[in-house]
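What follows is each chain in one-letter form.
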Amino acid sequence: MYQIDIMSRVPVYEQIVKQTEQFILTGILKPGDKMISVRNMSLELSVNPNTIQKALAELDRRGLITSVPGKGSFIATNALNVLFASGMNNLQKLKEDIEKLKLAGVDKQQIREIVDEVYVND
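Quick caveat, the model's predicted, so the values are computed rather than measured.

Undergrad: Just give me the short version of the packing of aromatic side chains, but keep the residues and values in it.
TA: The full count for this structure, using the stated rule, is 1 aromatic pair. Look at Tyr2 and Phe23: their rings are 5.0 Å apart centre to centre, the planes differ by 75°, and that puts the pair in the edge-to-face class. Note that Tyr2 is positioned in the segment before helix H1 (12–26) and Phe23 in helix H1, a separation of 21 residues in sequence. Overall, Phe23 belongs to the buried group, its relative accessible area being 10%.

Shown next as structure tokens:
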């Protein structure tokens, strides 16, 4: 399920966090689903267990998973809401970035083409 690009400049723990977010958003992981154990994920991905633990700690900090002592980590019941709120914050940042692009002389049509490219399958 998870795929790590060892040649990427993105740290492995961030790759795991981003992929987990994608899995939640696409419904691959649903609220209440049990996460794979640190040991099993470490073996499956050939990654140091401390790196896996760091990714899980970040997911927990973001409110996307909850840890139950002795049972493991589970996708939080409000994970989709957390990601939606994060997306709304990113929308404000996108607006600011578009304003900067406008000042830099980027044409509105170029921006529309990029948006259309992203939404091509919708």
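Undergrad: Describe unusual backbone geometry, and please don't skip the residues or the numbers.
TA: Although it is not a glycine, Ser46 adopts a positive phi angle of roughly 55°. By the secondary structure assignment, Ser46 is in the loop between helix H2 (38–45) and helix H3 (49–61). On the accessibility criterion, Ser46 (67% relative accessible area) is exposed.

Undergrad: An account of the pattern of salt bridges is needed here, citing residue identities and associated values.
TA: Going through the model one piece at a time under the given rule, you end up with 5 salt bridges. Between Lys18 and Glu21 there is a salt bridge, and its shortest N-O distance comes to 3.7 Å. Of this pair, Lys18 and Glu21 both sit in helix H1, 3 residues apart, which is roughly one turn of that helix. On the accessibility criterion, Glu21 (12% relative accessible area) is buried. The residue Glu58 makes a salt bridge to Arg61 at a minimum N-O spacing of 2.6 Å. Of this pair, Glu58 and Arg61 are both found in helix H3, 3 residues apart, which corresponds to roughly one turn of the helix. On the basis of relative accessibility, which here comes to 16%, the residue Glu58 falls in the buried class. Residue Arg61 is classed as exposed on the basis of its relative accessible area, which comes to 60%.

Conventions we followed
- Residues numbered from 1 in each chain as written.
- Predicted model: local features only at pLDDT ≥ 70, side-chain atom pairs only at ≥ 80, totals over all residues.
- Heavy atoms only, no water.
- Phe/Tyr/Trp six-rings, centres within 6.5 Å; stacked < 30°, edge-to-face > 60°.
- Helix = DSSP H or I, 4+ residues; strand = E, 2+ residues; numbered from the N terminus.
- Buried < 20%, exposed > 50% of the residue type's maximum accessible area, 1.4 Å probe, protein only.
- Salt bridge = Lys/Arg side-chain N within 4 Å of Asp/Glu carboxyl O.

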